[in-house]
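Coordinates in review
As a plain string of letters, each chain reads:
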Amino acid sequence: MDEMRDSAVTLIQNSVPINISSTTTTTIVSNYASNSSFLTNYPLVSALLAFALAQSAKLFTSWYKERHWDLKQLVGSGGMPSSHTSTVTALATAVGLQEGFGGSIFATALVLACVVMYDATGVRLQAGRQAEVLNQIMCELPAGHPLADSIPLRELLGHTPPQVVAGGFLGLAIATIVWLIMGSGYRA
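Treat the numbers as computed from the prediction; the structure is a model and nothing was measured. (Residues numbered from 1 in each chain as written. Predicted model: local features only at pLDDT ≥ 70, side-chain atom pairs only at ≥ 80, totals over all residues. Heavy atoms only, no water.)

**What to know about the packing of aromatic side chains**
Two aromatic rings, taken as a pair, are described by how far apart their centres are and by the angle between their planes. Quick note on the threshold: Within 6.5 Å between ring centres, the rings of Phe, Tyr and Trp (the latter by its six-membered ring) count as paired, and their orientation is classed by plane angle as stacked under 30 degrees, edge-to-face over 60, tilted in between. Helix and strand labels come from DSSP, where a helix needs a run of H or I of at least four residues and a strand needs a run of E of at least two; each type is numbered from the N terminus. Relative accessibility thresholds used throughout: buried, under 20% of the residue-type maximum; exposed, over 50%; partly exposed, between the two (1.4 Å probe, protein chains only).
Applying the stated criterion across every chain yields a total of two aromatic pairs. When the centroid spacing of 5.2 Å and the interplanar angle of 50 degrees are considered together, the rings of Tyr 42 and Trp 179 count as tilted. A residue pair is termed long-range when its members are at least 10 positions apart, and Tyr 42 in helix H3 (residues 42-66) and Trp 179 in helix H7 (residues 161-182) qualify at 137 residues. By relative accessible area, which is 0% here, Tyr 42 ends up buried. When the ring of Phe 101 is compared with that of Phe 106, the centres are 5.0 Å apart and the planes differ by 80 degrees; the resulting orientation is edge-to-face. Overall, the relative accessible area of 48% leaves Phe 101 in the partly exposed class. On the basis of relative accessible area, Phe 106 is assigned to the buried category, the value being 14%.

Structure follows, in structure tokens:
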């Protein structure tokens, strides 16, 4: 901490003096303090809110399907809607609304969203289906087999296309609603 303070003092001592009024200094400091808050980071707030709502919705969709409350749905992967998809869709939408849809930041967020959605419906879904088959094979092993007592693999890893589409619509809606609530003052 002392090194940081000493570096700051040295930087100030070696800097070129400029004429800044106390009003300008106060404005700069107060703008930095208000804009650096976690709660004013519109894309981050949108993404985290979309994730939380998607995970919470899984609890209710699981209850509707199974007719019992499964609290593991609050932290688990897979299920309706895709929380990964809602998160990256909200992030991409928020970045597009804030920075513009023609910029490189939006392009990066969009590519990230596409990769996550492809992975959810492709690789992770297939891995879950393979886990189902492997668990069935392990159940059919004779009692003395070394793998007979193995812990079953997690089967709910990926998402079906409807789960991904639902997550996408949720993320889009959340980012738009947060945009309207926080105001359009975040435009580039």
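Now that the structure has been shown, the text picks up again.
**Some words on the UniProt feature "transmembrane region" (unreviewed entry) in the chain**
The condition is simple: UniProt positions are given in the numbering used here, feature names are shortened, and annotations may be inferred rather than shown by experiment.
In the numbering adopted here, UniProt assigns the feature "transmembrane region" (unreviewed entry) to residues 164-182. For the annotated span residues 164-182, helix accounts for 100% and strand for 0% of the residues, and the straight-line distance between the end C-alpha atoms is 27 Å.

**Description of the environment of Lys 58**
Spelled out, the test is: Counted as a polar contact is a pair of N or O atoms within 3.5 Å, where, for protein atoms, one must be capable of donating a hydrogen and the other of accepting one, and residues adjacent in sequence contribute only when both atoms are in side chains.
Here Lys 58 is to be found in helix H3. For Lys 58 and Ser 83, which are 25 residues apart along the polypeptide, the C-alpha to C-alpha distance reads 8.7 Å. At 2.9 Å, the side chain of Lys 58 forms a polar contact with the side chain of Gln 55. At a separation of 3.5 Å, a polar atom in the side chain of Lys 58 contacts the side chain of Ser 83.

**Looking at helix H4 (residues 83-99)**
We apply this condition: Given a helix with a known number of residues, its expected span is that number minus one, times 1.5 Å.
With 17 residues, H4 ought to run about 24 Å at 1.5 Å a step, and its terminal C-alpha atoms sit 24 Å apart, in line with that. Taking burial as the measure, the 17 residues of H4 include 13 buried ones, the bulk of the element. Within two residues after H4, Gly 100 carries a phi angle of roughly 105 degrees, on the positive side.

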